[in-house]
Amino acid sequence: MNEKTNLFGFTLDQLKNLVLSLGLPAFTATQLAEWLYKKRVSSISQMTNLSKAAREKLENDYTISRVLPAKVQTSTDGTKKYLFPTQTEKFIESAFIPDDNRATLCVSTQIGCKMGCLFCMTGKQGFQGNLSAGDIVNQVQSLPEFDQLTNIVYMGMGEPLDNVEAVLSSIEIMTADWGYGWSPKRITVSTIGIIPAMIRFLEKSPAHLAVSLHSPFDAERREIMPIQSVYPITTVVDEIRKWNFGRQRRVSFEYIMFKGINDTPRHANELVRLLNGIKCRINLIRFHPIPDTPLEGTSIDGIMEFQNRLKAKGMTVTIRASRGEDIFAACGMLSTKELLKRQEAIDF
Amino acid sequence: MTKERKLHKNKVESIHCVAYDVYVLRFRRDFDFIAGQVVAIDLEPDGQPRLYSIASGEKDEYMEILFDEKHDGKLTPALSRLKPGDTIYVSEPFGTFNCNTDKAWWIAAGTGVAPFVSMTRSGLAANKTLIHGGRFDENFYFAPILEKELKNNYVRCCSQQLETQNYKGRLTEWLHNRHSFANDITYYLCGSAEMVVQIRDILIARGVPYHNIISETYF
């Protein structure tokens, strides 16, 4: 028996191709999209404005399958970390972060990651595979707090722009009229700076961009982020400078602060020089230590001093509140533990 | 896909299968490069090119890459079917995974040896030790030139071949068994993210400062 194809995660264009191939009217695609993402039904039989014949045709080869979280950890501050199983017996994580009048979901885009950053727990899993658009949107739609969500950030496991097509499709589902109909201003995609994919994203999506910067010096960034050998941060910033960021779309730079590594006045000055002329915000982030790391986080006082130094030079700088520390909300901690329980030694 | 780098038309000079599903693709060299750099390659001028480390030397008249065919991949199955004279599209070389003449260790798994082959062919083998992990003896690509240039400083860790003249075991095992590591030299790592992260963790745990470890991962 053939395995049925999951419709969840199809964009409108993909649904149009599908219905036409089945000999159904083109408008059926919009009906399908609305059932999937607006009315959020769990079976084709619930799509009552489709003809019986159309439903039968679809049910022969297609299904709607969403995956519920297998585990949840709740922090004392209200942050929740959900663990979703994948079809390949791996795990991905999503973090739900409520905060006064905002509720943000941090979604994963890959199982593991190929980037190998020194400070990242997900990197310790290596790369297990890309998530589909459906896998990404599933983290949103299967969230018990779906109706509370105000913002989505693509900052979970994996490098989003190493899976750029699935990321773009998932954003389309969230922002289209036939999908959730959300404003793209509610969505931020983070990247380490894979330049060709970043250009593709900027061309195709109006969502916000966040760049993981972490050191303004090429040579020093290379010591903590292997991607630097291929796409230097100075080149990434030069590319960003060509794009218009203002009210509609924002760019921010993420800066995890490591004691004695990237938190000195020399780093602050170079950061100002590097980002000169770009309308942006710098997000300073406390480092959540991971096992066996040689890196230490900068103290809160040190972070504030760095912030003041940047502000004095006219930069817009925020310090990201640390959330969910008691449940290791930093990406990769929970799924890496689950993976390592099951994993055999990798052969090289 | 929009690229920040233009792809230039080029011609395949040769393609050789050097191990099961592993190929060396040779094409015309149109640009100078520094050993350790990569090129973006595709079969069409406006597609989604993939990056490959250059394996040939800086002075060679041709350019070579080493690639592993991924059967579910978008590009490598087509690359493996190329024939001499076929057209490919290649970017100018770029990247900064480069080393100098100082003493250093090169550590690679599988086709991750390519940049170190390029460095060897470019005259940078003196003062270097290469530790290469592979499943079978056939996976120690370019072994003759590496043996010739690196002599005893060329360690091959063979994880799956039952009878081998090389170290029988994983690269990580060889490193774990080593008594000590110099902490004042640079360690260059190239391979999959799993490999790079595991080796980096071993080196750091054994006292090598993280800033003496330079990594390149496949992506």
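Everything numeric in this text was worked out from a predicted model, so none of it was measured.

1. A few points about the sheet that holds strand 3 (residues 38-42) of chain B
Residues and elements named next belong to chain B.
- Here we have six strands laid out as an open sheet, ordered 4-3-6-1-2-5, and antiparallel in their pairing. Each having just a single partner strand, strand 4 (50-53) and strand 5 (62-68) make up the two edges of the open sheet. Direction aside, the axes of adjacent strands within the sheet are offset by 45° on average.
- Here seven bridges tie strand 2 (residues 22-28) to strand 5, and the two strands are oriented antiparallel to one another. Within strand 5, the position partnered with Arg28 by the bridge is Tyr62.

2. Structural notes on the nonpolar core
- Ranked by size, the top nonpolar core spans 155 residues in total, and within it Val167 and Met257 of chain A together with Ile107, Tyr187 and Tyr188 of chain B carry the most contacts.
- Tallying contributions element by element places helix 5 (residues 164-175) of chain A first for this core, with seven residues.
- Not counting the four nearest positions on each side in its chain, Val167 of chain A is found in contact with Thr109, Ile136, Tyr154, Pro160, Leu161 and Val189 of chain A.

3. Concerning the interface of chain A and chain B
- Every contact between the two is made by 27 residues of chain A and, on the other side, 34 residues of chain B.
- Sorting elements by how many residues they give to the side of chain A that touches chain B places helix 6 (residues 195-204) of chain A first, with five residues.

4. Things to note about the pairing of strand 3 (residues 71-74) of chain A
Residues and elements named next belong to chain A.
- Two elements, strand 3 and strand 4 (residues 80-85), share four bridges in a ladder whose sense is antiparallel. Paired with Lys71 across the bridge in strand 4 is Leu83.
- Here strand 3 folds back onto strand 4 in antiparallel fashion, the turn holding five residues, of which Gly78 has a positive phi close to 95°.

5. Quick word on the packing of helix 2 (residues 114-121) of chain B against helix 3 (residues 143-150) of chain B
Residue and element names in this part refer to chain B.
- Two elements in contact, helix 2 and helix 3, have axes separated by 10 Å at closest approach and are oriented at 55°. When the axes of helix 2 and helix 3 are compared, the pair comes out oblique. When you trace helix 2 past helix 3, the crossing you get is left-handed. Judged by residue contacts, Val117, Thr120 and Arg121 of helix 2 engage Ile145, Leu146, Glu149 and Leu150 from helix 3.
- A class-by-class count of the residues in the contact of helix 2 with helix 3 yields four nonpolar, one polar and two charged.

6. Topic: the domain arrangement of chain A
Residue and element names in this part refer to chain A.
- Per the domain assignment, the segments of chain A are domain 1 (5-63) and domain 2 (71-342).
- Contact with domain 1, which involves ten residues of that partner, is made by 13 residues of domain 2.
- In terms of residue count, the dominant contributor to the side of domain 1 that touches domain 2 is helix 2 (residues 27-38) (four residues).
- Split into classes, the residues belonging to the side of domain 1 that touches domain 2 amount to four nonpolar, four polar and two charged.

7. Details of the domain arrangement of chain B
Residues and elements named next belong to chain B.
- One can read the domain layout of chain B as domain 1 (8-90) and domain 2 (104-217).
- Between the C-alpha centres of domain 1 and domain 2 there is a distance of 23 Å.
- The interface of domain 1 with domain 2 comprises 16 residues on the first partner and 13 residues on the second.
- Secondary-structure elements contributing two or more residues to the side of domain 1 that touches domain 2 are strand 1 (8-19) and strand 5.
- The element contributing the most residues to the side of domain 1 that touches domain 2 is strand 5, with four residues.
- Considered class by class, the residues forming the side of domain 1 that touches domain 2 number nine nonpolar, four polar and three charged.

About the cut-offs
Within any chain, residue numbers begin from 1 and follow the written order of that chain's sequence. For this description, chains carry letters from A and ligands carry numbers from 1, given in the order in which they are written. Reporting in this predicted model follows two pLDDT cut-offs: at least 70 for local features of residues, and 80 or more for side-chain atom pairs to be given and counted; totals over whole chains, interfaces and linings ignore these cut-offs and use all residues. Strand pairing follows a simple DSSP-based rule, namely that at least 2 bridges must link the two strands. Put simply, DSSP marks the helices as runs of H or I at least four residues long and the strands as runs of E at least two long, and each gets a number from the N terminus on. Inter-axis angles, ranging from 0 to 180 degrees, are taken between N-to-C directions of lines fitted to C-alpha atoms, where helices are fitted over the stretch in contact. When buried Ala, Val, Leu, Ile, Met, Phe, Trp, Tyr and Cys residues are joined through C-beta atoms within 7 Å, the set is termed a nonpolar core. Neighbour counting defines burial: a residue surrounded by 20 or more other C-beta atoms within 10 Å of its own C-beta is buried, one with 12 or fewer is exposed, and intermediate counts give partly exposed, using backbone-placed C-beta atoms. Two residues qualify as being in contact provided that their C-beta atoms, derived from the backbone, are within 7 Å of each other. Throughout this description, any angle smaller than 35 degrees is read as roughly parallel, any larger than 145 degrees as roughly antiparallel, any in the 65 to 115 degree range as roughly perpendicular, and the remainder as oblique. By convention, the crossing between two helices is left-handed when the near helix turns anticlockwise from the far helix through less than a right angle, and right-handed when the turn is clockwise. Residue polarity follows a fixed list, in which Ala, Val, Leu, Ile, Met, Phe, Trp, Tyr, Cys and Pro are nonpolar, Asp, Glu, Lys and Arg are charged, and the others, Gly among them, are polar. What fixes the domain bounds is an automatic or database domain assignment.

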